Amino acid sequence: MPAQSFVNRMPLGLKAGRATFEFIGGSLLVATIYYPGDQSHSYIRRDETARKGLTVRGGFAEGFGLRAEALKKMLRREWKRLGLIQLPGTSLAEPGIDAHFAGTLPMGAAGPFGTSSDGDMKLHPGLYVVDGSILPDLSSKYVTMTIMANADRIAHRLAETEANSAL
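Residues numbered from 1 in each chain as written. Predicted model: local features only at pLDDT ≥ 70, side-chain atom pairs only at ≥ 80, totals over all residues. Heavy atoms only, no water.

Trainee: For this particular structure, what's the right way to read the overall build of the chain?
Mentor: Across its full length, the chain holds four helices and two strands. Ordered by position from the N terminus, the helices and strands of the chain form the series α-α-β-β-α-α. Per-residue burial for the chain yields a buried fraction of 26% across its 167 residues. Long-range contacts, defined here as pairs at least 24 residues apart, represent 47% of the contacts in the chain between residues at least 6 apart. In the structure as shown, the chain presents an accessible area of about 11,700 Å², 59% of it carried by carbon and sulfur atoms. (Helix = DSSP H or I, 4+ residues; strand = E, 2+ residues; numbered from the N terminus. Buried < 20%, exposed > 50% of the residue type's maximum accessible area, 1.4 Å probe, protein only. Contact = heavy atoms within 4.5 Å. Areas by Shrake-Rupley, 256 points an atom, 1.4 Å probe, with all protein chains shown as cover.)

Shown next, in the form of structure tokens:
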């Protein structure tokens, strides 16, 4: 993560934040948690009254809040046991701040909410999805670069298809 991400969250001015980060940066621990795609309760459907309109709703699976709170408590206990101290003014980020839910519009899935390998939605042909929701599932590894690479691959394929159809 870039230093500026930490500096921006410190309860200090920019100059003092940078100086503090330089002083403590080598002893910081950053933890990232990825929740599996089945923790997302999101959907997209055609709005029959608007003909071509879409309704998109997002949310979390039932019981997600309790599971997330239990995980936070467990992490805080473990950090305390290890002698780790949370910096004043910081907090654990809530899902959606920097989270990637997967599996809501998975590539290769059967049914109306599946997408092709190019992110083309089966329910709405011509609507392309390129974010993490088209990954069938998330690993426990950092996935931002995977999502970006997949979006780049799809964009290049769409640009190539468009260029070929113009010939």
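Moving on, there is more to tell.
Trainee: What is the right way to look at the pattern of salt bridges in this model?
Mentor: Side-chain pairs of opposite charge can arise whenever the charged atoms involved come near each other. If you walk through the whole model with that rule in mind, you get four salt bridges. Two residues, Glu-69 and Lys-72, come together in a salt bridge whose shortest N-O distance is 3.4 Å. Here the residue Glu-69 and the residue Lys-72 both occupy positions in helix H3 (residues 64-81), the gap between them amounting to three residues, near one helical turn. Judged by relative accessible area, which is 37%, Glu-69 ranks as partly exposed. Arg-81 serves as the salt-bridge partner of Glu-78, at 2.5 Å between the closest nitrogen and oxygen. Of this pair, Glu-78 and Arg-81 are both found in helix H3, three residues apart, which corresponds to roughly one turn of the helix. With relative accessibility at 34%, the residue Glu-78 sits in the partly exposed group. (Salt bridge = Lys/Arg side-chain N within 4 Å of Asp/Glu carboxyl O.)

Trainee: Could you clarify how one ought to interpret a nonpolar patch on the surface in this entry?
Mentor: A cluster of nonpolar residues, Leu-29, Leu-82 and Leu-84, forms a patch on the protein surface that exposes about 300 Å² of accessible area. Checked against the element boundaries, Leu-82 lands in the loop between H3 and helix H4 (144-166). (Patch = residues over 30% accessible without salt bridge, like charges linked within 9 Å, V, L, I, M, F, W, Y side chains within 5 Å.)

Trainee: Is there a simple way to think about the environment of Val-130 in this case?
Mentor: Along the chain, Val-130 turns up in the loop between H3 and H4. When neighbours within four sequence positions are excluded, Val-130 is seen to be in contact with Ile-147, Ala-151 and Ile-154.

Trainee: Sorry, what's going on with H3 here?
Mentor: In an α-helix, one turn spans 3.6 residues; hence positions three or four apart end up facing the same way. Helix length check: H3, at 18 residues, gives a terminal C-alpha distance of 26 Å against a target of 26 Å (1.5 Å per residue), a fit within 8%. Looking at H3, one finds that the buried residues are Phe-64, Ala-68, Lys-72, Leu-75 and Trp-79. The buried residues of H3 all sit within an arc of 70° when viewed along its axis, so they share a single face. In H3, those exposed residues whose orientation departs by more than 90 degrees from the buried face are Leu-66, Lys-73, Arg-77, Lys-80 and Arg-81. Once H3 ends, the next one or two residues include Gly-83, with phi positive near 85°. (Expected span 1.5 Å × (residues − 1). Arc of directions from axis to C-beta.)

Trainee: Help me out: how do you make sense of the packing of aromatic side chains in this one?
Mentor: Two aromatic rings are characterised by how far apart their centres lie and by the angle between their planes. For the coordinates displayed, the defined rule picks out one aromatic pair. The interplanar angle of 15° and the centroid separation of 4.7 Å between the aromatic rings of Phe-60 and Phe-64 together place this pair among those described as stacked. Relative accessible area serves as the criterion here: at 39%, Phe-60 is assigned to the partly exposed category. (Phe/Tyr/Trp six-rings, centres within 6.5 Å; stacked < 30°, edge-to-face > 60°.)

Trainee: Can you help me understand the side chain of Thr-104 in this one?
Mentor: Here Thr-104 shows up in the loop between H3 and H4. Apart from residues lying up to four places away in sequence, Thr-104 is in contact with Ser-40, Ser-42, Phe-113 and Ser-133.

Trainee: Help me out: how do you make sense of the environment of Phe-113 in this one?
Mentor: Relative to the helices and strands, Phe-113 is located in the loop between H3 and H4. Here Phe-113 falls in the partly exposed class, since its relative accessible area comes to 33%. Placed ten residues apart in sequence, Phe-113 and Gly-103 show a C-alpha to C-alpha distance of 9.7 Å.

Trainee: Explain the environment of Ser-165 here, please?
Mentor: Mapped onto the fold, Ser-165 is located in helix H4. On the accessibility criterion, Ser-165 (54% relative accessible area) is exposed. At 2.9 Å, the side chain of Ser-165 and the backbone oxygen of Glu-162 are in polar contact. (Polar contact = N/O pair within 3.5 Å; in protein donor to acceptor, adjacent residues only side chain to side chain.)

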